[in-house]
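The chain contents come next:
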Amino acid sequence: MNRYFIFCMLLFSIPVFSQQINITGRIVDKINVAPVEFAYVVLMDLDSVLITGCTSDINGDFIISKVTVGDYILSVSSIGYETSATQIKKTEGNINLEKIELQPSSIQLSEITIKAQSVINKTDRKLITPSLEQVKASVNGIDLLQKLNLPRVSIDLINNRIIAAGNGEIQLRLNGVEVTNAEIVSLQPNEIIRVEFHDQPGARYGNAVAVIDFITRRNESGGNINGNAMHVISGPTFTNDYLSAKYNHKKSEFAANVYWMGRDMDWTRKNDEILRFTDNEIHRIEQGIPTKFKNDDVNTTFNYNILEKDRCFFNARIRYNFQDHPNSYTDRRSTLITSVNPEPMEIYDHESMKNHIPALDLYYQQHLKNKQLLIFNVVGTYINSSSSRLYQEYQEDIPLTDIYSHISGDKYSLITEAIYEKSFENSKFTGGLKHNQSYTHNVYSGNTKADVGMNMAETYGYAEYLWKKGKFTSVANIGVMRTYYSQDNSKQDKYTFRPSISLAYNINEYTFLRARGYIWGANPSLADLNNVEQAIDSLQIRRGNPYLKSYYDYGGNITFGYNKGIVGIDLRSEYKYLDRPVMESIFQEGNKFIHTPENQKKYQRFNTEATFRLRLFKEHLSIALSPGINHYISTGNNYKHTYTNVYTRVNIDAMYKKWILNFWATTAENWFYGETMNQGEAFQMLSFGYNGGAYSIMLGAMNPLGTDYKTRNENRSYPATSTSQLIGDDLTPMVFLKASFNINFGRQYSGSNRRLNNSDTDAGIMSGAKK
């Protein structure tokens, strides 16, 4: 009996004393070796019965603890990747699988790989994987972005523009590389694995209010040719054409693209202005007549890159942008009636401009051992600019005022940047240094003669630390910028501090809370710093100010998000405070009014916006509604203004098989700064079409409901109060045709993710035209 009892005790004790081990590893993207966060790691027995599981951390690392020795299958999956399966056999000790590579998955339109749009909430961004229906219904990258209905982002499909709520800057990136709208237009929807929406951008993104990063896949050989075209068939000349090609050979990729945007139309301006002199008041009313607006922009890019997998990546890009605007947006012809002269006068205001902007962009990325990464970027840019303006007031063909100016400019700039990253178990450190050196030379001739040379240097260093604990994540960074500026005998040298902190809490996999606070330093524009005067008309002058100072931008926001099933909700409130911002002042000097930028007291903006999304009938129908409100308080040295604007956007997408129907409408989101209100665009767009995969065709109309296209600007300055309205009669309704094609040959080479890109497009010219 004693032997039997001991035998039973040993039998039941075997599980207790069985050896238990830990299984560890790191999950990375097979293409760019970047860590794959929040991947699902599942341990199963050989009959595929679930044993246990976990998710990878921000560095792609995972650990499964206290596993009994045995034979298992380890399955790893993540949205946008093919599932990986690894067999584990009995072993004596802990198992370190080291690196598990996930291959980006191919979304084929003939097979359902992603049935519904997926959203993963992270500390500073959302990872959004498009649904199969969204991919099938889109013809390019911007078209797909519009169907994702990102909060606080408005997509203008007519002009291929992406606009942020509150008039802020949106950075577009492709696999981490900052790119232009044209390069996003060239993307094929089935190339896009996911879209990363950074609504809490870190220090490296500068003063962008949001960053949209398209993460794409590349095959291993062959090439691609694709094109898009949009032409108005009923109305003015309105063209967006794009053509791109790329070819892969072994470790190299060659690519080229060209984008042409053309406009040729007539519109009418109406102006109402009151000039209050110390001894009298002049009321000027302009009744406009149709005036031509014409411009052509051509953007060309040639790109080469080479990848040594797991080691380094080199990219060289040559850009050339040509801008030809023979008839400017500010052009006008009108009849002028004034309170001091009953006889009408005629006004002719014409401005033209040409820019040539070549640039060379070199990029290098090096992976180091122990989860370290180095990135270097050098960009050299040359801007050759030429502009002229003729302003005339005449009565019965007799000139009363004749103002002519011509400006020729050259700008040379060099931007260099270096970034270092080091990842730890639950945290990541990032440090960077960026320097921008530029020299601008502008020659003014005509009524105003001046020769202006400006030197500017900006050096920005920053450090950022991300730390994660359970459902809580924090990101803290601090930056220091040194700004140097010289013009004639005027010199400035200033240091500004730029700290920020972001906090995030994922309540569950569907709901999150995020908050951010920051202090940012801002510099005056080169155009404002010009030590030169330009006549606006017979009674007003625009004057630059070389003594402007840098100023601070304080702000913060809080965001709530929920996304589950057919419902998505985003709520966000933010506050911005500018201390001593650069805003316009208007004052009388002799018999003229002077418009000049000055450091004013303060500027405040409050914004609240909500986005409600419904995805119905297996995503065949999606509806998004985004109401919002802006409240502005602008306090100058001699004025104070408040302004409130309520706006709404609505987007409806209906998709069935290969047929697509879209309706988009927005009321005007207005922007108030200094003493000026700029009205946003208010219009609707309806389109219907067919997407056959290799080709698509769409028929649409802008403002199909028949409302006129109008914009409005108001200057509330007491010395010079004005209202300007632009009316485009032939823009309503505007019927257009869009078509695209896509030709693939072979399979394309797998490229790498580039993390940053810099560019310079500020020519530093001050114009006298009315804004």
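Conventions used here
- Residues numbered from 1 in each chain as written.
- Predicted model: local features only at pLDDT ≥ 70, side-chain atom pairs only at ≥ 80, totals over all residues.
- Heavy atoms only, no water.
- Helix = DSSP H or I, 4+ residues; strand = E, 2+ residues; numbered from the N terminus.
- Buried < 20%, exposed > 50% of the residue type's maximum accessible area, 1.4 Å probe, protein only.
- Contact = heavy atoms within 4.5 Å.
- Lys, Arg positive; Asp, Glu negative; His and termini not counted.
- Charge placed at Lys NZ, Arg CZ, Asp CG, Glu CD.
- Pairing = 2+ DSSP bridges.
- Polar contact = N/O pair within 3.5 Å; in protein donor to acceptor, adjacent residues only side chain to side chain.
- Phe/Tyr/Trp six-rings, centres within 6.5 Å; stacked < 30°, edge-to-face > 60°.
- Lys NZ or Arg CZ within 6 Å of the ring centre and 35° of its normal.
- Salt bridge = Lys/Arg side-chain N within 4 Å of Asp/Glu carboxyl O.
- pLDDT = per-residue confidence, 0-100.
- Axes fitted to C-alpha atoms, helices over the stretch in contact; angles between N-to-C directions.
- Core = buried A, V, L, I, M, F, W, Y, C linked by side-chain atoms within 4.5 Å.

### Looking at the overall build of the chain
Argument step 1. Tallying secondary structure elements over the chain gives five helices and 48 strands in all.
Argument step 2. The C-alpha extent of the chain, read off along each of the three principal axes, is 125 × 55 × 50 Å.
Argument step 3. Taking all 771 residues of the chain together, 54% fall into the buried category.
Argument step 4. Considering only residue pairs separated by 6 or more positions, the chain has 64% of its internal contacts joining residues 24 or more positions apart.
Argument step 5. Here the chain contributes 81 positive and 80 negative side-chain charges, whose respective centroids are spaced 8 Å apart.

### Here's the deal with the pairing of strand S40 (residues 640-656)
Argument step 1. Here strand S39 (residues 621-635) runs beside S40; their pairing, made up of 15 bridges, is antiparallel. Its bridge partner being in S40, leucine 621 is matched across the sheet by alanine 654.
Argument step 2. Counting the residues that bridge the hairpin from S39 to S40 gives four residues.
Argument step 3. The pairing of S40 with strand S41 (residues 659-666) spans eight bridges and is classified as antiparallel. Its bridge partner lying in S41, alanine 654 is registered against leucine 661.

### Details of the environment of glycine 746
Argument step 1. Looking at where glycine 746 falls in the secondary structure, it is placed in the segment after strand S48 (734-745).
Argument step 2. Between the C-alpha atom of glycine 746 and that of glutamine 487, which follows or precedes it by 259 residues, the distance is 56 Å.
Argument step 3. Leaving out residues up to four positions away in the same chain, glycine 746 has contacts with Ser221 and Gly222.

### Some details on helix H3 (residues 141-148)
Argument step 1. The buried fraction of H3 amounts to eight of the eight residues, a majority that puts the element mostly inside the structure.
Argument step 2. Where H3 is concerned, the buried positions are Gly141, Ile142, Asp143, Leu144, Leu145, Gln146, Lys147 and Leu148.
Argument step 3. Capping the start of H3 is the job of one residue whose side-chain oxygen sits 3.1 Å from the backbone nitrogen of isoleucine 142: asparagine 140.
Argument step 4. Positive backbone phi, approximately 55 degrees, marks asparagine 149, located one or two places after H3.

### With respect to the packing of aromatic side chains
Argument step 1. Following the criterion strictly, the structure yields 26 aromatic pairs and no others.
Argument step 2. Note on tryptophan 659 and phenylalanine 688: the rings are 5.7 Å apart at their centroids and 10 degrees apart in plane angle, and the pair reads as stacked. Taken together, the residues tryptophan 659 in strand S41 and phenylalanine 688 in strand S44 (residues 683-691) connect sequence positions 29 residues apart.
Argument step 3. Ring-pair connections join several aromatic residues into one group, and the members of that group are Tyr603, Tyr632, Tyr643, Trp671, Phe672 and Tyr673.
Argument step 4. Here the basic side chain of arginine 276 rests over the ring of tyrosine 718, its NZ or CZ set 4.5 Å away from the ring centre.
Argument step 5. For the cation-ring pair, arginine 498 lies above tyrosine 460, with the distance from its terminal atom to the ring centre recorded as 5.1 Å.

### Regarding the side chain of glutamine 492
Argument step 1. Locating glutamine 492 in the fold gives a position in strand S29 (residues 490-497).
Argument step 2. Within the structure, glutamine 492 has its side chain in polar contact with the backbone oxygen of leucine 548 (distance 2.7 Å).
Argument step 3. In this structure, glutamine 492 is in contact with Thr483, Tyr484, Tyr485, Pro546, Tyr547, Leu548 and Lys549, ignoring residues within four places of it in sequence.

### Re the pattern of salt bridges
Argument step 1. Inspection of every chain in the model, using the stated rule, returns 28 salt bridges.
Argument step 2. With a shortest N-O distance of 3.1 Å, aspartate 361 and arginine 319 are connected by a salt bridge. Here arginine 319 lies in strand S21 (residues 312-327) and aspartate 361 lies in strand S23 (residues 341-368), a separation of 42 residues in the sequence.
Argument step 3. The exposure class assigned to aspartate 361 is buried, which follows from its relative accessible area of 0%.
Argument step 4. Aspartate 570 is the partner of arginine 613 in a salt bridge, and the nearest nitrogen-oxygen pair spans 2.9 Å. Remark: aspartate 570 occurs in strand S35 (residues 567-579) and arginine 613 occurs in strand S38 (residues 602-616); sequence separation between them is 43 residues. The exposure classification of arginine 613 matches that of aspartate 570, with both residues buried.
Argument step 5. Salt bridges here are not isolated pairs; linked through shared partners, they connect Glu286, Arg332, Asp349 and Arg389.

### Description of the confidence of the model for the chain
Argument step 1. Overall, the predicted model of the chain reaches an average pLDDT of 85, with 90% of residues at or above 70.
Argument step 2. Between residues 106-115, whose pLDDT stays under 50, and residues either more than four places distant or in other chains, the model counts 22 contacts.

### As for the sheet that holds strand S32 (residues 533-535)
Argument step 1. With mixed pairing, the four strands of this open sheet are ordered in space as S32-S33-S37-S36. One side of each edge strand has no neighbouring strand; the edge strands of this open sheet are S32 and strand S36 (582-589). The sheet shows a mean angle of 25 degrees between the axes of neighbouring strands, taken without regard to direction.
Argument step 2. Of the pairings in the sheet, the one linking strand S33 (residues 540-543) to strand S37 (residues 592-599) comprises three bridges and is parallel in character. Counted as the bridge partner of isoleucine 541 is isoleucine 594 from S37.

### Things to note about the sheet that holds strand S7 (residues 95-102)
Argument step 1. Read across the open sheet, the three strands follow the order S4-S1-S7; overall the sheet is mixed. The strands lining the two open edges of the sheet, one partner per strand, are strand S4 (61-68) and S7. Strand after strand, the sheet turns through a mean of 25 degrees between neighbouring axes, direction not considered.
Argument step 2. Looking at chain direction, strand S1 (residues 20-29) and S4 are connected through six bridges and run antiparallel. Looking across to S4, one finds that arginine 26 is bridged to aspartate 61.

### Structural notes on unusual backbone geometry
Argument step 1. One non-glycine residue, glutamate 396, lies in the positive phi region at around 55 degrees.
Argument step 2. Inspection of the secondary structure assignment puts glutamate 396 in the loop between strand S24 (372-395) and strand S25 (398-423).
Argument step 3. A relative accessible area of 69% places glutamate 396 in the exposed class.
Argument step 4. Notably, arginine 580 is not glycine yet its phi reads approximately 60 degrees, a positive angle.

### With respect to the environment of serine 724
Argument step 1. Residue placement: serine 724 occurs in strand S47 (residues 720-728).
Argument step 2. With 452 residues separating them along the chain, serine 724 and aspartate 272 place their C-alpha atoms 6.5 Å apart.
Argument step 3. Other than its neighbours up to four places away in sequence, serine 724 contacts Arg269, Lys270, Asn271, Thr711, Arg712 and Asn713.
Argument step 4. One polar contact links serine 724 to asparagine 271, side chain to side chain, over a distance of 2.8 Å.

### Points about the nonpolar core
Argument step 1. Leu145, Ile162, Ile212 and Phe214 are the most contacted members of the largest nonpolar core, which has 46 residues in total.
Argument step 2. Apart from the residues lying within four places of it in its own chain, the contact partners of phenylalanine 214 are Gly141, Leu145, Arg173, Leu174, Asn175, Ile184, Leu187, Ile192, Arg194 and Val195.
Argument step 3. Counting 23 residues, the second-largest nonpolar core is a separate cluster that includes Leu529, Met583, Tyr603 and Met677.

### Let's talk about the environment of valine 567
Argument step 1. Its location among the elements puts valine 567 in strand S35.
Argument step 2. As for valine 567 and arginine 615, which are separated by 48 residues in sequence, their C-alpha atoms are 6.6 Å apart.
Argument step 3. Sequence-distant contacts of valine 567, that is, excluding residues within four places in its chain, are made with Tyr562, Arg613, Leu614 and Arg615.

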